[in-house]
Amino acid sequence: MVSERIDRIKQTLPEGVRLVAVSKYHPVEMIQEAYDGGQRIFGESHVQELVQKYDILPKDIQWHFIGHLQTNKVKYIAPFVSLIHAVDSEHLLREIDKQAKKCGRIIPVLMQVHVAKEETKFGFLPDELLAFMQSGAWQQYENVSIEGLMCMATNTDDEAEIAREFEQAQQLFEMVNGKWLNGKWTTRSWGMSDDYPIAVQHGSNMVRIGSLIFGERVYS
Ligand SMILES: *Cc1c(COP(=O)(O)O)cnc(C)c1O
């Protein structure tokens, strides 16, 4: 049962760590089941799928967009999205700001930082993020609220490597938050089904868990 799996995972999470139930590729019936058990935060990574689910499901769900977001699709989710996890360019930040303004909203976002060894993962390199923060360019976007960092670790069995990557994200978070934000950043989004216990040991306070809750995804 979906709700039982969620409860079991929540019991293992330290106080203050929020759970994003990653429901991509899973049917609305399963999301409804999790909702009925009390879960309110769900993560999706495809715009069209998210919009369809948003239309059908209860309106007090907090939808998080966790995947790579194309700028030309921001407009479809801007009216309702609760948090965009993976801002990987200033171009995307600018578009979110523009669409948020049109909706009369301030959209919360996280900056994605690339700490993994894999080349395929998106995100600012740590040095790029520091340069971007130092530039102050982010301050002009009044309709986005940058609230922290998101990252993905390398997909590996090497737990020491995963820990190192999360630790790097954690140190970056502390540095940016201290230097430019007066400690106002709140959110550290790292950890998935296979690595979330390591993530919470290394600073995560928001885990994004899919297959452990909903089972294996069937890609069609
Ligand atoms: C799919 C996805 C997850 C969840 O992955 P699981 O291994 O199923 O827990 C977490 N974060 C992002 C960015 C994802 O795309």
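For the structure, see preceding data.
Everything numeric here is computed off the predicted structure, so don't read it as measured data. (Residues numbered from 1 in each chain as written. Predicted model: local features only at pLDDT ≥ 70, side-chain atom pairs only at ≥ 80, totals over all residues. Heavy atoms only, no water.)

Let us now look at a negative patch on the surface. Taken together, Asp 157, Asp 158, Glu 159, Asp 194 and Glu 216 make up a surface patch of like negative charges. Mapped onto the elements of the fold, Glu 159 is located in helix H7 (residues 159-180). Classification of Glu 159 by relative accessible area gives exposed; the value is 56%. (Patch = residues over 30% accessible without salt bridge, like charges linked within 9 Å, V, L, I, M, F, W, Y side chains within 5 Å. Areas by Shrake-Rupley, 256 points an atom, 1.4 Å probe, with all protein chains shown as cover. Salt bridge = Lys/Arg side-chain N within 4 Å of Asp/Glu carboxyl O. Lys, Arg positive; Asp, Glu negative; His and termini not counted. Charge placed at Lys NZ, Arg CZ, Asp CG, Glu CD. Helix = DSSP H or I, 4+ residues; strand = E, 2+ residues; numbered from the N terminus. Buried < 20%, exposed > 50% of the residue type's maximum accessible area, 1.4 Å probe, protein only.)

Close to the ligand lie Val 22, Lys 24, Ile 66, Met 150, Met 152, Met 192, Ser 193, Arg 208, Ile 209, Gly 210, Ser 211 and Arg 217, which account for all nearby residues. Interatomic distance of 2.9 Å between a side-chain N/O atom of Arg 208 and a nitrogen atom of the ligand. In the model, an oxygen atom of the ligand is placed 2.8 Å from a nitrogen or oxygen of the Ser 211 main chain. Protein burial of the ligand: of its 390 Å² of free accessible surface, 90% is covered by the chains. Spatially, the ligand is embedded in the largest pocket. Counted by class, the shell around the ligand contains 6 nonpolar, 3 polar and 3 charged residues. (Near = heavy atom within 4 Å. Polar contact = N/O pair within 3.5 Å; in protein donor to acceptor, adjacent residues only side chain to side chain. 1 Å grid on protein atoms, 1.4 Å probe; cavity = no way out; pocket = protein on both sides within 12 Å on 5 of 7 lines; lining within 4 Å. Sits in = over half its atoms within 2 Å of the grid points. Nonpolar A, V, L, I, M, F, W, Y, C, P; charged D, E, K, R; others polar.)

For the α-helix, the turn length of 3.6 residues means that residues three or four positions removed from each other point alike. Buried within helix H6 (residues 126-135) are the following residues: Pro 126, Leu 129, Phe 132 and Met 133. When H6 is viewed along its axis, its buried side chains cluster within an angular range of 125 degrees and face the same direction. Relative to its buried face, H6 has exposed residues pointing more than 90 degrees away, namely Asp 127 and Gln 134. Buried positions along H6 lie against helix H5 (90-103), strand S5 (107-112), strand S6 (144-150) and H7. (Arc of directions from axis to C-beta. Contact = heavy atoms within 4.5 Å.)

To continue, consider the layout of surface pockets. Roughly 940 Å³ of internal volume is contained in the largest pocket. Every residue lining the largest pocket is counted, 40 residues in all, and those nearest its centre are Lys 24, Ile 66, Met 152, Met 192 and Arg 217. Here the element with the most residues in the lining of the largest pocket is helix H3 (residues 47-56); it accounts for 3 residues. Grouping the constituent residues of the lining of the largest pocket by class yields 15 nonpolar, 14 polar and 11 charged. (Points joined across faces, edges and corners; volume = space filled by probe spheres on them.)

Another point: the environment of His 68. By the secondary structure assignment, His 68 is in the loop between strand S3 (62-65) and helix H4 (74-77). With relative accessibility at 38%, the residue His 68 sits in the partly exposed group. In sequence terms His 68 and Phe 124 are 56 residues apart; their C-alpha atoms lie 13 Å from each other. Setting aside residues no more than four positions away along its own chain, His 68 makes contact with Asp 88 and Phe 122. For His 68, the side chain forms a polar contact with the side chain of Asp 88, separated by 2.9 Å.

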